[in-house]
Amino acid sequence: MSKEKLADTVAEKLASQAGQPKPDMSCPEDLEGKVGTTTRCTLTASDGSTLGVNIKVTSVKGDRINFDAEADKTGSPAKS
């Protein structure tokens, strides 16, 4: 999965879970369709604060990659 598609999918998933608008999300690399593969993305909120999001592939079925996304409990404040 391309890093752009991954970022978009994770942002949509987190927005629906939180009942919030879709955040700005960036991922550093494409996600390999292999169970156990991990990467870390960064969510940037509208106030400029950031939050890390861990991604882990849980299953692969054909072209579909299923993964868990877990956001850090605390974020980094916006840069002044």
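Here the structure is shown first, and the text comes after it.
My aim in this report is to walk through the structure given alongside it, one point at a time.

Rules and cut-offs
Residues numbered from 1 in each chain as written. Predicted model: local features only at pLDDT ≥ 70, side-chain atom pairs only at ≥ 80, totals over all residues. Heavy atoms only, no water. Disulfide = S-S within 2.5 Å. Helix = DSSP H or I, 4+ residues; strand = E, 2+ residues; numbered from the N terminus. Buried < 20%, exposed > 50% of the residue type's maximum accessible area, 1.4 Å probe, protein only. Contact = heavy atoms within 4.5 Å. Polar contact = N/O pair within 3.5 Å; in protein donor to acceptor, adjacent residues only side chain to side chain. Core = buried A, V, L, I, M, F, W, Y, C linked by side-chain atoms within 4.5 Å.

**Observations regarding the state of the cysteines**
Reasoning step 1: What the rule picks out here adds up to one disulfide.
Reasoning step 2: In this model, Cys-27 is linked to Cys-41 through a disulfide, with the two sulfur atoms separated by 2.0 Å. The chirality of the disulfide connecting Cys-27 with Cys-41 is right-handed, given an S-S dihedral of about 105°. You can see Cys-27 sitting in the loop between β1 (24-26) and β2 (38-44) and its partner Cys-41 sitting in strand β2, a full 14 residues away along the chain.
Reasoning step 3: Using a relative accessible area of 9% as the deciding quantity, one classes Cys-27 as buried.

**Observations concerning the environment of Asp-30**
Reasoning step 1: Take Asp-30: it is sitting in the loop between β1 and β2.
Reasoning step 2: A sequence separation of 28 residues divides Asp-30 from Ser-2, and the C-alpha atoms of the two residues are 4.5 Å apart.
Reasoning step 3: Discounting residues that sit within four places of it in the chain, Asp-30 has contacts with Met-1, Ser-2 and Lys-3.
Reasoning step 4: From its side chain, Asp-30 meets the backbone nitrogen of Lys-3 in a polar contact 2.7 Å long.

**Let's talk about the side chain of Ser-49**
Reasoning step 1: If you trace the backbone, Ser-49 turns up in the loop between β2 and β3 (50-61).
Reasoning step 2: Within the local environment of Ser-49, its side chain forms a polar contact with the side chain of Asp-47, the two groups lying 2.6 Å apart.
Reasoning step 3: When residues no more than four places from it in sequence are discounted, the contact partners of Ser-49 are Leu-43, Thr-44, Ser-76, Pro-77 and Ala-78.

**What about the nonpolar core?**
For soluble globular proteins, the rule of thumb is that nonpolar side chains tend to be buried together.
Reasoning step 1: By size, the foremost hydrophobic cluster in this structure holds 16 residues, and its most contacted members are Leu-6, Val-10, Met-25, Leu-31, Val-53, Ile-55 and Phe-67.
Reasoning step 2: Of all the secondary-structure elements, those providing two or more residues to this core are α1 (3-18), β2, β3 and β4 (64-71).
Reasoning step 3: With five residues, α1 is the largest single contributor of residues to this core.
Reasoning step 4: Apart from residues lying up to four places away in sequence, Val-10 is in contact with Met-25, Val-53, Ile-55, Phe-67 and Ala-69.

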